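# Structural overview
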Amino acid sequence: MVANDVRYTEVLRIEALGKSFKGTPVLSNVNLTVHRGETVAIIGPSGSGKTTLLRSVNFLAPYDSGKILLNGKLMGYVERGGRLQPDTDANISRLRRSTGMVFQRFALFQHRTVLQNLIEGPVHVLGLSRELACERARTALKTVGLSDKIDQYPARLSGGQQQRVGIARALCMEPDILLFDEPTSALDPELVGEVLSVMRQLRGQNRTMLIVTHEIGFAADVADRVVFMEAGAIIDDRPAREFFGKPNNARIEAFLARHRNERSSSI
Amino acid sequence: MIEFAATYAGLYFKGLLLGLGLTVAAMAGAFLIGLFVALARLSQRGWLRAAGGAYVALFRGIPPLVLLYLVYFGLPAWAAQVGNPFLIALLGPLDNRLLAATLAFSVNAGAYTTEIIRASIQALPADQMEAAKSIGMTHGLAMRRIVLPQSLRIAFPPLCNEFIVILKGTSLASVIGVTELMRSAQMVAAATFLNLQAYILAAMFYVVAVIVLQTLSSLIELKLLAGSTTGD
Ligand SMILES: Nc1ncnc2c1ncn2[C@@H]1O[C@H](COP(=O)(O)OP(=O)(O)O)[C@@H](O)[C@H]1O
Ligand SMILES: [Mg+2]
């Protein structure tokens, strides 16, 4: 494959994605491509399908139609005789390694210390030696600024610290794309900043990121592209500067106005 | 009564120890059964879920005494009747009272243990499984390394309770001649004609044993709790 081949830099490609929960459609005809090094923000009203879309990418939420390609590989299904059939748990798990997820409510392993949370995947999934995994963990902890918490249990940390450990855990797997599902929305307002600043730092390292967020200012600041979702569909997908410079839809404009107000009133 | 107790305490104590041994063996069996049947009940495969559900429905429904008779009197006799050497080799050993009692109580308690372990797995927030999968773990690995270690801590108190239930249930083994505590009491009653004293002493032995076990389990529980929230 040639290095400047377009597909080569496509980390994630979502084609005509569809999903329903018990007959109620929650995603319909979603198309989205994320290139290596790109930061894409997904915004939109509550219930518009942002979480479901993100969880389809690593197949925590299986999709019904369309395709998800990670580095060109189909996620969740195998093509046999022109038909898509569910893939095995082993194959799905292997492909998941190219993604890292940061959860809204952190989801740290409560029975493990910070260090143990971070080396769990590298040791038991990637098969790295303990020493190598610990080295990775220390580097990741330095990135998120929590080197001094290495032996703490998650329950002893603040929400902001837990979320930074969550980010470090994802980094330790060295994924090709990081998925964030409203990483700051479960945090007290005074703790939001520390998490956003870590994410800004990752942006500076040219990581590939897909971020669902309600932090409009943050999205405007770090995203290369902004995707707006409404009722299970993407209704806008443009470079951030354009998107915020001139909203092309009255409902998007209203949404942005509302959220900017929320922000200014809450600080 | 004190004199009576002093005379027979040794005999009763031997019976209690045998009952405790039987309980430990049955609990070990029940735990293994419970673990596998609970995992089956939560499996992604429909037929495994159905099989697990059937196990619980069946063995929760059979009274332990009936099960004991089935295992001790029924199975070896049936094997001999059929005359199949494989069946005789497999079921013949159930002729042994202790073995039969261990199996019957394991299978019975296994149904309850299944429900305890299943409930404790479901009590864990779903995000633990999801986070484990998000770092590339398969369902099995995530169960083993992330879900079960936390769930079994939740399951510990009800499992201790189940242990106590099994211990009291071992008194049923007296009917097939296992010389546990109840059987010892029956023998003393028959020999002395002091029925009331004989059975009161047995009751007191059970009560003390249960109190000791309960205290022990609370102490271990505190230790487990401490381990999950603080450093070592
Ligand atoms: N497990 C589920 N079962 C049924 N409906 C669901 C489930 N998860 C999400 N939904 C529905 O799907 C829609 C999209 O939800 P979600 O992806 O969480 O939206 P968002 O993250 O944008 O708020 C909502 O209407 C929600 O009620
Ligand atoms: Mg959401």
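Here the structure is shown first, and the text comes after it.
Thresholds, definitions, all that
- Residues numbered from 1 in each chain as written.
- Chains lettered and ligands numbered in written order.
- Predicted model: local features only at pLDDT ≥ 70, side-chain atom pairs only at ≥ 80, totals over all residues.
- Heavy atoms only, no water.
- Helix = DSSP H or I, 4+ residues; strand = E, 2+ residues; numbered from the N terminus.
- Buried < 20%, exposed > 50% of the residue type's maximum accessible area, 1.4 Å probe, protein only.
- Contact = heavy atoms within 4.5 Å.
- Areas by Shrake-Rupley, 256 points an atom, 1.4 Å probe, with all protein chains shown as cover.
- Lys, Arg positive; Asp, Glu negative; His and termini not counted.
- Charge placed at Lys NZ, Arg CZ, Asp CG, Glu CD.
- Buried area = accessible area lost by both parts, 1.4 Å probe.
- Salt bridge = Lys/Arg side-chain N within 4 Å of Asp/Glu carboxyl O.
- Polar contact = N/O pair within 3.5 Å; in protein donor to acceptor, adjacent residues only side chain to side chain.
- Expected span 1.5 Å × (residues − 1).
- Bend = angle between axes of the 7 residues up to and from the residue.
- Pairing = 2+ DSSP bridges.
- Axes fitted to C-alpha atoms, helices over the stretch in contact; angles between N-to-C directions.

### Digging into the overall build of chain B
The number of helices and strands found in chain B is nine helices and zero strands. Put simply, chain B runs from its N terminus to its C terminus through helices and strands in the order α-α-α-α-α-α-α-α-α. If you line up chain B on its principal axes, its C-alpha atoms span 70 × 55 × 25 Å. A burial count over chain B gives 43% of its 232 residues as buried. Restricting to contacts in chain B with at least 6 residues of sequence separation, those with at least 24 account for 74%. By element, 71% of the accessible surface of chain B is carried by carbon and sulfur atoms, the whole surface being about 11,600 Å². On chain B, the mean spot of the 14 positive side-chain charges and the mean spot of the 9 negative ones are 7 Å from each other.

### Observations regarding the interface of chain A and chain B
With 26 residues of chain A at the interface, the matching set in chain B holds 23 residues. Roughly 2,100 Å² of surface becomes buried between chain A and chain B when both sides are summed, with 57% attributable to carbon and sulfur atoms. On the chain A side of the interface with chain B, the three residues burying the most area are A:Phe109, A:His111 and A:Tyr153, jointly 25% of the side's total. With its nearest N and O atoms 3.0 Å apart, the salt bridge here joins A:Arg55 to B:Glu130. For the pair chain A and chain B, the number of links is eight residue pairs in polar contact (both at pLDDT 80 or more). Counting residues per element, the ones that place at least two in the side of chain A that touches chain B are helix 2 (89-96), strand 8 (99-102) and helix 3 (114-124) of chain A.

### With respect to helix 3 (residues 64-82) of chain B
Residues and elements named next belong to chain B. Relative to the 27 Å expected for 19 residues at 1.5 Å per residue, helix 3 spans 25 Å between its end C-alpha atoms, a close match to the ideal helical length. Of all the bends in helix 3, the greatest reaches close to 35° and is centred on Gly 74; the proline Pro 76 follows between one and four positions later. Along its buried surface, helix 3 packs onto helix 2 (46-61), helix 4 (85-91) and helix 5 (97-123). A positive phi of about 80° marks Gly 83, the residue just after helix 3.

### Thoughts on the sheet that holds strand 8 of chain A
Picture the strands of a sheet paired through backbone hydrogen bonds; they go either parallel or antiparallel. Residues and elements named next belong to chain A. Strand order in the open sheet formed by six strands is 8-9-10-3-11-12, and the pairing between neighbours is mixed. Whereas interior strands pair on both sides, the edge strands pair on one side only; in this sheet they are strand 8 and strand 12 (233-239). Each strand axis lies, on average, 15° off the axis of its neighbour in the sheet, ignoring direction. Relative to strand 10 (residues 209-212), strand 9 (residues 177-181) is paired through four bridges, and the arrangement is parallel. Pairing of Phe 180 across the sheet is with Ile 211, part of strand 10. Where helix 6 (residues 189-204) meets the sheet, its contacts fall on strand 3 (39-43), strand 9 and strand 10, and the angle it forms with strand 10 comes to roughly 150°.

The analysis is restricted to geometry; functional conclusions fall outside its scope.
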